[in-house]
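Structural features, examined
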Amino acid sequence: MTSDQSSEETSPARSVMIAGELLNWSDLHPSDARPAVGGPVAAELLAAVVRPTDSVLVAGPHSLELLEQLAKTAASVDVLARSAPDAEEIAQALDVRVFCGTLDHFGPEHGEASYDVVVALDGVPRLIGPDTLVLPWADGLAALKSRLAPGGRLLLGAENSFGIERLVQPDPTITVPRDEDWPADVRGDAAAPAGLKAVLSALQTADLRVTSTYALFPTLVEASVGLSSVDQALAAAVVARSVAARFSGPTLTDPYRTTQEAVAAGLGMELAPGWFFVVGAESPGVLPDGAVPAGPGVLLEEELFTALRIDDHAALRRIIPAYVEWLRGQDAATAAVASADNVISDGTTYRLFGTAPALESTGDALVVAQLGRFARRSLEAGSRQPWAVGSAPRDLTARLASMAGISVTDELWAAVADNNEMIRPQGSAEQLATIARLAQELADASTQATWFEGQLKGIRRSKPYRVGQAVLNPARVVVKRVRRVVR
């Protein structure tokens, strides 16, 4: 798999073997491993930091799109890749110089003595291979820092060992390791320190002044949104939507609601799946630009969930009619995507949040369809329902629609997408909570039935009841006989 022989001769493809290379492995096209770092967040970060006059070192797996972007932007680009097939592909595709091997073999004799920008958005772990005996994360960081020019800029990635995905979905690789999970030396771990505070402390100890820290969602290598602050309601909604899109199958907990609640608890940065750290350069607070809607407000869905959680019927009767009135006043294109999870409310007005599935219905059918979507999402999230009975999708939709003066007929209910009466909460925890809630409702109904039966028995044993029966029974006999004669 590896070769320890070094070569200082540059091939026509501008690829240099430096030792520690993996001859039968690919980080760009993995069959059982994480893909290389890519996505809009990484692309915009590079665009914000890298200048046309810069010399750049890219260390670790980065997508061809990012490398191409750098090759077109910077004055010169050197790439350090551990995979021999990847190094050959990069050198042939782009006008860059490629060094194939591991970080512990990448010495001052390779490449430039120092670089204006060092890009290691994948972090340290994939800068080494199975032949690397020991390279702790701090040593890897020191090696990257040593190649920075005075006043240079470092872009570093770190994966969170306890991110939101640990709460949402179990890691199957705990028992079935991936091909890339080689045994690690007990004397040093290439993984980043556990937790955001520990990573920032290690960077400070290395005398690296962090100017920007981005929480990345839904993953480090495929981040669709990066935020320097995750403490606003709309930012929480953006983050929750990205996480929910990533974990769409069976989960431990509902990814959307779990993420929303984690951010509400002030844990958005700490529970991010990964982070980008910027050293020596100023950068935007939100990546990509415009990912978080500007202005105040919260999702209308969050207002409704809050009312459901505390059985606030008055709030529901205030919010639903106002939303329906606004919905009826919109043009067809706006109303078609204005579901409760895609509308921002600031207390007085509404505006769209982003994109959502467009509905084809119109009039009351569209209103019922949008309310039905919220009913489905609340049941999928295992949300508390303030009504003891009738929590099927149609029953819940009918209750909400009645607050706006709409009766849900069979024709209107047919407009609701996926109008299946059976909805199972997505997360296992929400399923258990729903089972417990339904079991409690059943126990309450059984208790009420038992109480009514006791009351009925007491009435039947009472003297007035027996007197009444004695008086009425002869009369019943007479009536029956008269009817037989008439017939």
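1. What to know about the overall build of the chain
Within the chain one finds 16 helices and 15 strands. Going through the 487 residues of the chain one by one, you find that 46% of them count as buried. For the chain, the accessible surface area stands at approximately 23900 Å², while carbon and sulfur atoms represent 55% of it.

2. Examining the pairing of strand β11 (residues 274-279)
Buried residues dominate β11, accounting for six of its six residues. Covered by surrounding structure in β11 are G274, F276 and V278 together with W275, F277 and V279, the residues of both alternating faces. As paired strands, strand β8 (residues 148-159) and β11 are joined by six bridges and run antiparallel to one another. Considered in β11, the bridge of L155 is made with V278. Bridging between strand β9 (residues 210-217) and β11 involves six bridges; their strand directions are antiparallel.

3. Looking at the sheet that holds strand β14 (residues 343-345)
Pairing between sheet strands relies on hydrogen bonds along the backbone, with the strands arranged either parallel or antiparallel. In space, the three strands of this open sheet follow the order β13-β14-β15, with antiparallel pairing throughout. Since the sheet does not close on itself, it has two edges, and those belong to β13 (298-299) and β15 (350-352), each with one partner. Two elements, β14 and β15, share three bridges in a ladder whose sense is antiparallel. Among the inter-strand pairings, S345 is bridged to a residue of β15, identified as Y350.

4. A closer look at the environment of R351
You can see R351 is positioned in strand β15. Judged by relative accessible area, R351 falls into the partly exposed class, the value being 27%. With 54 residues separating them along the chain, R351 and G297 place their C-alpha atoms 9.4 Å apart. In this structure, R351 is in contact with L234, A294, G295, P296, N342, V343 and I344, ignoring residues within four places of it in sequence.

5. A short note on helix α1 (residues 40-49)
Of the residues making up α1, those classed as buried are V41, A42, L45, L46 and V49. Each buried residue of α1 sits inside an arc of 130° when the element is viewed along its axis, so together they form one side.

6. As for the packing of helix α9 (residues 300-309) against helix α10 (residues 313-328)
Viewed as axis vectors pointing N to C, α9 and α10 meet at an angle of 155°, and their least axial separation amounts to 9 Å. Our classification of the angle between α9 and α10 gives roughly antiparallel. The two elements α9 and α10 meet at a crossing, and its hand is left-handed. Between α9, through L300, E303, L304, A307 and L308, and α10, the contact on the second element is made entirely by A315, L316, I319, I320 and Y323. Looking at the contact of α9 with α10, its residues break down into nine nonpolar, no polar and one charged.

7. Structural notes on the environment of A233
Within the secondary structure, A233 sits in helix α7 (residues 233-246). Residues A233 and Q260 lie 27 residues apart in sequence; the distance between their C-alpha atoms is 8.5 Å. The residues contacting A233, other than those within four sequence positions of it, are G297 and V298.

8. Some remarks on empty space enclosed by the protein
In this approach a probe as big as a water molecule rolls over the atoms, and the regions it shows empty are the leftover space. One pass over the structure, following the stated rule, counts two cavities of 30 Å³ or more. If you add up the space inside the largest cavity, you get close to 80 Å³. As for the largest cavity, its lining consists of 13 residues, and the residues nearest its centre are G60, P61, H62, A81 and D86. Contributions of two or more residues to the lining of the largest cavity are made by β5 (76-81) and α3 (84-93). Here the lining of the largest cavity gets three residues from one element, more than from any other, and that element is β5. The volume enclosed by the second largest cavity comes to roughly 30 Å³. Lining the second largest cavity are I164, F217, V239, T259, A262, V263, L267, G268 and L271.

What counts as what
- Residues numbered from 1 in each chain as written.
- Predicted model: local features only at pLDDT ≥ 70, side-chain atom pairs only at ≥ 80, totals over all residues.
- Heavy atoms only, no water.
- Helix = DSSP H or I, 4+ residues; strand = E, 2+ residues; numbered from the N terminus.
- Buried < 20%, exposed > 50% of the residue type's maximum accessible area, 1.4 Å probe, protein only.
- Areas by Shrake-Rupley, 256 points an atom, 1.4 Å probe, with all protein chains shown as cover.
- Pairing = 2+ DSSP bridges.
- Contact = heavy atoms within 4.5 Å.
- Arc of directions from axis to C-beta.
- Axes fitted to C-alpha atoms, helices over the stretch in contact; angles between N-to-C directions.
- Parallel < 35°, antiparallel > 145°, perpendicular 65-115°, else oblique.
- Left-handed = near helix turned anticlockwise from the far one by under 90°.
- Nonpolar A, V, L, I, M, F, W, Y, C, P; charged D, E, K, R; others polar.
- 1 Å grid on protein atoms, 1.4 Å probe; cavity = no way out; pocket = protein on both sides within 12 Å on 5 of 7 lines; lining within 4 Å.
- Points joined across faces, edges and corners; volume = space filled by probe spheres on them.

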